[in-house]
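# Close look at the chain arrangement
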Amino acid sequence: MLHSEILFYVLVPIVAFLYAAVGHGGASGYLALMAFFSFAPDFIRPTALLLNLAVSLIAFIQYYRQGHFDWKLFWPFALASVPAAFIGGMLVVDADIYKKVLAVLLFFSVIRLLNFRKRETNQTVHPHLLFSLVIGASIGFLSGLIGIGGGIILSPVILLLHWADMKRTAAVSALFIFVNSLAGLAGLFTKGFQVETQMIWMLLIAFAGGALGSYFGAGHFENKKLKWILAIVLVIASVKLMMV
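To start, this report covers the structure provided alongside it. (Residues numbered from 1 in each chain as written. Predicted model: local features only at pLDDT ≥ 70, side-chain atom pairs only at ≥ 80, totals over all residues. Heavy atoms only, no water.)

Attention shifts here to helix α10 (residues 223-243). If you check α10, its first and last C-alpha atoms are 30 Å apart, about what 21 residues at 1.5 Å a residue would give, namely 30 Å. Those residues of α10 that sit buried are Leu226, Lys227, Ile229, Leu230, Ala231, Val233, Leu234, Ala237, Ser238, Lys240 and Leu241. (Helix = DSSP H or I, 4+ residues; strand = E, 2+ residues; numbered from the N terminus. Expected span 1.5 Å × (residues − 1). Buried < 20%, exposed > 50% of the residue type's maximum accessible area, 1.4 Å probe, protein only.)

Right under this line is the structure:
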């Protein structure tokens, strides 16, 4: 039992490191870990959201300090996603089908990311405002519907449509995840959610892993290495979605 607990606390900062390096909070990874180590269902969701909030915040701060954040790219996604996520969360549907479909789409994104042309262009195009709003609303609605973080969808969309390079994508995704996680956590507080001592310890070690990951991701890792890390993150999220 002790060895299992030690292993869990070793894996949490590793997951946080990988996700934060590409501007993600890590909710999918934390959910998978806690489910694997048999945490109580009532404990898993709020804890994953809390860790997601902290890690995405430190990731955003690191990327912002390095000058990678693009406000014009970010705000339409966030403006449309938050209310759409709220609506999606109110619906009661069989989410299993949606999760399996999303897992397949994420695997497709991994294949596309790892098969970029060798002479990859640095030129990007700015999306039309209406298109950004539609994408943001769609991601928010899907996130609320099946209970996932929107970053694992937003990042590959931005990259594959050439709306930003890897580091700008990470910066935008980090803040996108933060605002959506904040909204979700606020909803939990209205239902009487309380922070437990174990959550605090998990938060501290996840924050440490996230701080280190975002530090290297924002200022030291090249775009090619970040794409490989993002691919790993998407595979983790895909496997988690297929298993639940």
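A few words now on the packing of aromatic side chains. On inspection of all chains with the given rule, the structure shows 16 aromatic pairs. Their ring planes at 40 degrees and their centres at 4.8 Å tell us that Phe8 and Phe39 sit as a pair that is tilted. A residue pair is termed long-range when its members are at least 10 positions apart, and Phe8 in helix α1 (residues 2-21) and Phe39 in the loop between α2 (27-36) and α3 (41-65) qualify at 31 residues. For the residue pair Phe8 and Phe39, the accessibility class agrees, reading buried in each case. Here Phe36 and Phe37 contribute two aromatic rings whose centre-to-centre distance is 5.3 Å and whose plane-to-plane angle is 80 degrees, an arrangement assigned as edge-to-face. In this structure Phe36 comes out as exposed when scored by relative accessible area, which is 64%. Every member of this aromatic cluster is reached through a ring pair, and the members are Phe8, Tyr9, Phe36, Phe37, Phe39 and Phe43. (Phe/Tyr/Trp six-rings, centres within 6.5 Å; stacked < 30°, edge-to-face > 60°.)

The terminal C-alpha atoms of α3, which comprises 25 residues, lie 37 Å apart, in line with the 36 Å expected from a rise of 1.5 Å per residue. Burial analysis of α3 places 18 of its 25 residues in the buried class, the great majority of the element. Positive backbone phi, at 80 degrees, marks Gly67, one or two positions downstream of α3.

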